[in-house]
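Observations on the three-dimensional arrangement
The residues making up each chain are set out below.
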Amino acid sequence: MTSTYLTRPQAIDPATVTGWGVDADPRNDPTYPIRERSGDPGPGKVWDRPTQQHPQVEVLRSIEHNRLPAVVGTSTPPSGLSGMMRRAAFHYSESDWTHWLMLLGADRVNMVEGIVTDLARGKVPNIPAEMGVRAAWKHDRTALVTKAAVTVAVSALAIALLRQRQHRQRPHDVRPVHGRAGGGRERRALAGSTT
Amino acid sequence: MLAADYRGPRRVRADHKPMPTIQHPRDAIVRVTRSCICGSDLHLYNGLVPDTRVGMTFGHEFTGIVEEVGAEVGNLNPGDHVIVPFNIACGQCHFCKQGLYGNCHESNAQATAVGGIFGYSHTAGGYDGGQAQYVRVPYADFGPTLIPDGMDIEDAVLLTDVVPTGYQAAEMAGIQRGDTVVVFGAGPVGIMAARCAWLFGAGRVIVIDYLHYRLEFARAYAPAEVYDFREIDDMAVFIKKQTDSLGADVCIDAVGADASGNILHTLFGKKIPIEAGSALPLHWAINSVKKGGIVSVVGVYGPTGNMIPIGNVVNKGITIRANQASVKRLLPRLIEHVQAGRINPKALITHRVPLEDVSDAYHMFSSKLDGCIKPVLLPNGV
């Protein structure tokens, strides 16, 4: 950014501003008692920082931070395709929807990666069990059975429709000139050859 | 060790993970004795919170016994049984110095909008949580509080989040004697907010939900007037009729992103998450509170945006107050309330579940089965 009078620091001493603080009223504080204002008065917001943790894994950092917080979480560092998406997301601020939408996308990719990782380790994830099917069977059997029946019915319907469509398309594929749909160019060409 | 392991939306399993280690001189390792599933965990469980990574362990409401402490932890010893606030707070940054322990600036690398929270996605710092046999507790010299002698462990575990969040919802609402308070949501936090509204002098407390077993519980426990929103044509009109057309003095949103009850909010907030969750209770709160009234928000939403009638906030002169509960700030007073019998936290607990059955516990809580109000996991047995 070009440095202009708008971007250069412009510190103003409040004491030089006419009328500064004449109506200040500590009782007019809607944040009371949530915020203990005496804890850190004045514009200078400094504190003795805790000892800095040096994480042994990759920790992504919001670009709204000017430094790594003293303590960080090290659970599940970014990896794979989802990790690449997360790293890209952290080029955007928390104020930018791109940041969050990319992270949500990464979460979905990560879910697939989790299944692949399980399989690579020789473990077939028991997805119904992970979704609590036992509790559903015990406490909500009707809904579970209904849901399963609807899923099976919708799947069967979708397969039937797909097969029907494939069946309809088959004659068109083998007889393009005489088919009911499509083949117009061929028909016109054929007609042209007879005139 | 055994720990809950998130595998994707609506998929959690108990799995073996490496033991946590001391990574900072102010860390402690705690053996978990009780660990709740929170209503806000369901936002993670349902995949609504960005940067919720597969393999993470959830759980921000837990008590435990200190196993090991870092070099800078001088106030805890192995064997101490502690309440661990859900906030991870350093106690010395600009925000902590103001008592805003939910907004610590030294505990969340991934976001500045919220401090670190145990087991609550990388958007809240990327810390594994307490739905495990063991957990790393950062800033252990500041956050954890010894469980007072004689206090039931099941009362103690609810002091990590549910009680302080419900209490702070009422506190932020600035309730004055005689005020009419409407609480949206009869989950554990909503029920507790309704209970605490009386402690601040409310004259009338109304709780809105659609689950009758929870409304019945709230009616007896808070106590409160209760209504099923499915039997109400228009929430704002209903509340106005209850309050001589003025509106409630205070409305509290104790639901957050998973709210039911409106097709548009469900579609855009939960099915195709363009909104940061379904904001129906906040919408209702804004339109049901009186002019100049206060809306207090403790329901958890994602970090993007929501469709709420912000124009009405301006025109009605509403004050909206919201935050994650500052647990450490509130604990001394809340311990007094529990010891004096004014609050009975453990009455909320309906299910006690071994950690091995965490998948079923999540499904049961999420789907509101078997009269579930508050499930507690037992990671190391009873």
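Reading guide: rules and limits
- Every chain begins its residue count from 1, and numbering advances along the sequence as written.
- Here chains are named by letter from A upward and ligands by number from 1 upward, in the order in which they appear as written.
- Note on the predicted model: pLDDT of at least 70 is required for a residue's local features to be given, and 80 or more for side-chain atom pairs to be given and counted; whole-chain, interface and lining totals, by contrast, use all residues.
- Think of the side-chain values as coming from all heavy atoms in the structure, minus any hydrogens and water.
- In what follows, salt bridge is the name for a side-chain nitrogen of Lys or Arg lying within 4 Å of a carboxyl oxygen of Asp or Glu.
- Helix and strand assignments come from DSSP, with helices taken as H or I runs of at least 4 residues and strands as E runs of at least 2, each series counted from the N terminus.
- Here the term buried applies to any residue with accessible area under 20% of the maximum for its type, exposed to any over 50%, and partly exposed to those in between, with areas from a 1.4 Å probe on protein chains only.
- The arc in question is the one traced by the directions running from the helix axis out to the C-beta atoms.
- Contacts are assigned to residue pairs with any non-hydrogen atoms lying within 4.5 Å of each other.
- What marks off one domain from the next here is an automatic or database domain assignment.
- Here the quantity called buried area is the accessible surface, traced with a 1.4 Å probe, that two parts lose on coming together, added over both.
- Within 3.5 Å is the distance limit for a polar contact, defined as a pair of N or O atoms, with the added protein rule that one can donate a hydrogen and the other accept it, and that residues adjacent in sequence qualify only through two side-chain atoms.
- Axis lines are fitted to C-alpha atoms, over the contacting stretch for helices. Their N-to-C directions set the angle, which ranges from 0 to 180 degrees.
- Roughly parallel refers to an angle under 35 degrees, roughly antiparallel to one over 145, roughly perpendicular to one between 65 and 115, and oblique to any angle outside these ranges.
- Crossing handedness is defined as follows: a turn of the near helix away from the far one that is anticlockwise and smaller than a right angle gives a left-handed crossing, while the clockwise case is right-handed.
- Classification used: nonpolar for Ala, Val, Leu, Ile, Met, Phe, Trp, Tyr, Cys and Pro, charged for Asp, Glu, Lys and Arg, polar for all others including Gly.
- Every patch collects residues that have over 30% relative accessible area and no salt bridge, joining them within 9 Å if they carry like charges and within 5 Å if they are nonpolar side chains (Val, Leu, Ile, Met, Phe, Trp, Tyr).
- Shrake-Rupley sampling with a 1.4 Å probe provides the accessible areas, and residues are treated as covered by the protein chains on show and by no other component.
- Positive charge is attributed to Lys and Arg, negative charge to Asp and Glu, and no charge count is given to His or to the chain ends.
- Charge positions are represented by NZ for Lys, CZ for Arg, CG for Asp and CD for Glu.
- Any residue with an atom within 4 Å of a point lines the site, the site being either a cavity, points on a 1 Å grid over the protein atoms alone where a 1.4 Å probe fits but cannot get out, or a pocket, an open set with protein on both sides within 12 Å along at least 5 of 7 lines.
- Grid points are joined across faces, edges and corners, and a volume is the space filled by probe spheres set on the points.

Details of the pattern of salt bridges
Pairs can form between side chains of opposite charge whenever their charged atoms are close. The full count for this structure, using the stated rule, is 30 salt bridges over all chains. Of the charged contacts, one joins Arg67(A) and Glu106(B) as a salt bridge, the two residues approaching to 3.7 Å between their closest N and O atoms. Residue Arg67(A) is located in the segment before helix H1 (80–89), and its partner Glu106(B) is located in the loop between strand E6 (87–88) and strand E7 (116–117); the two belong to separate chains. Linked by salt bridges that have partners in common, Asp118(A), Lys123(A), Glu130(A), Asp5(B), Arg7(B), Arg11(B), Arg13(B) and Asp15(B) make up one network.

Structural notes on H1(A)
All names here are of chain A. Those residues of H1 not exposed but buried are Ser82, Gly83, Arg86 and Ala89. Summarising the axial view, the buried residues of H1 lie within an arc of 120°, below the 170-degree limit, and thus occupy one face. Buried residues in H1 make contact with helix H2 (97–120).

Considering the environment of Ala111(B)
The residue Ala111(B) is located in the loop between E6 and E7 in this model. The class for Ala111(B) is buried, based on a relative accessible area of 2%. Note: C-alpha distance between Ala111(B) and Met364(B) (253 residues apart in sequence) is 31 Å. Look past the residues within four positions of Ala111(B) in its chain and what remains in contact with it is Ser62(A), His65(A), Glu94(A) and Thr123(B).

Concerning the domain arrangement of chain B
When the parts come together, some accessible area is lost, and that loss is often what is quoted as the size of the interface. Residue and element names in this part refer to chain B. Split into domains, chain B comes out as domain 1 (2–161 + 326–378) and domain 2 (163–322). Each partner contributes to the interface: domain 1 provides 31 residues, whereas domain 2 provides 26 residues. Summed over both partners, the interface of domain 1 with domain 2 comes to about 2400 Å²; 68% of that surface belongs to carbon and sulfur atoms. Linking domain 1 to domain 2 there are 1 salt bridge. Among the salt bridges present, the one from Arg329 reaches Glu171, with a minimum N-O distance of 2.8 Å. Our enumeration of links across domain 1 and domain 2 arrives at 10 residue pairs in polar contact (both at pLDDT 80 or more). Of all the secondary-structure elements, those providing two or more residues to the side of domain 1 that touches domain 2 are helix H1 (41–45) and helix H10 (327–339). Among the elements that line the side of domain 1 that touches domain 2, the one with the most residues is H10, at 6 residues.

What to know about the domain arrangement of chain A
If you check the domain split of chain A, you get domain 1 (77–125) and domain 2 (141–177). Distance between the C-alpha centres of domain 1 of chain A and domain 2 of chain A: 33 Å.

Some remarks on the interface of chain A and chain B
Tallying the contact residues gives 63 residues for chain A and 67 residues for chain B. Both faces considered, chain A and chain B share a buried interface measuring about 5500 Å² in area, 51% of it formed by carbon and sulfur atoms. Viewed at the interface, chain B and chain A are joined by 10 salt bridges. The partner of Arg49(A) in a salt bridge is Glu106(B), with the nearest N and O atoms 2.7 Å apart.

Some remarks on the packing of helix H4 (residues 188–199) of chain B against helix H5 (residues 212–221) of chain B
Residue and element names in this part refer to chain B. The contact between H4 and H5 brings their axes to 10 Å, and the two run at 20°. One way to sum up the angle between H4 and H5 is to call them roughly parallel. Considering how the two elements wind past one another, H4 and H5 form a crossing that is right-handed. When H4 is examined against H5, the residues Ile191, Met192 and Arg195 are found in contact with a partner set consisting of Arg214, Phe217, Ala218 and Tyr221. Residue composition of the contact of H4 with H5, grouped by class: 5 nonpolar, no polar and 2 charged.

Points about a positive patch on the surface
A surface patch of positive charge is lined by Arg108(A), Lys147(A), Arg10(B) and Lys271(B). A residue is classified by how much of its surface remains accessible, and Lys147(A), at 61% relative accessible area, is exposed.

Observations concerning a nonpolar patch on the surface
Together, Trp97(A), Leu101(A), Leu267(B), Ile272(B) and Ile274(B) line one region of the surface with nonpolar side chains, adding up to about 440 Å² of accessible area. Counting through the fold element by element, Ile272(B) comes out in the loop between helix H7 (263–271) and helix H8 (280–288).

A short note on empty space enclosed by the protein
A complete count under the given rule lists 3 cavities of 30 Å³ or more for this structure. Taken as a whole, the largest cavity holds about 70 Å³ of empty space. Lining of the largest cavity is provided by Leu104(A), Leu48(B), Pro50(B), Gly269(B), Pro273(B), Glu275(B), Ala276(B), Gly277(B), Gly302(B), Pro303(B) and Thr304(B). A per-class count over the lining of the largest cavity returns 6 nonpolar, 4 polar and 1 charged. Reported here for the second largest cavity is a volume of approximately 50 Å³. Of the residues in the lining of the second largest cavity, the class split is 9 nonpolar, 2 polar and no charged.

Focus on unusual backbone geometry
Here Tyr32(A) and Pro33(A) are connected by a cis peptide whose omega angle stands at 0°. Take Pro33(A): it is sitting in the segment before H1. Note the cis peptide between Ala222(B) and Pro223(B), where omega equals -10°. Notably, Ser121(B) is not glycine yet its phi reads approximately 70°, a positive angle. Mapped onto the elements, Ser121(B) comes out in the loop between E7 and strand E8 (134–137). Look at Ser121(B) and you get buried, because its relative accessible area is 0%. A positive phi is found at Lys368(B), a non-glycine position, where the angle reads about 55°. When you line up the elements, Lys368(B) lands in the loop between helix H11 (358–366) and strand E17 (375–378). Here Lys368(B) falls in the partly exposed class, since its relative accessible area comes to 26%.

Comments concerning the layout of surface pockets
Each pocket or cavity is described by its volume, and for the second largest pocket that value is around 860 Å³. In terms of lining, the second largest pocket is formed by 42 residues, of which the most central are Ser75(A), Thr76(A), Lys17(B), Gly55(B) and Asp128(B). Secondary-structure elements contributing two or more residues to the lining of the second largest pocket are H1 and H2 of chain A together with strand E1 (2–8), strand E2 (11–16) and E8 of chain B. If you tally residues by element for the lining of the second largest pocket, the top one is H2(A), at 5 residues. Partitioning the lining of the second largest pocket into residue classes produces 12 nonpolar, 17 polar and 13 charged.

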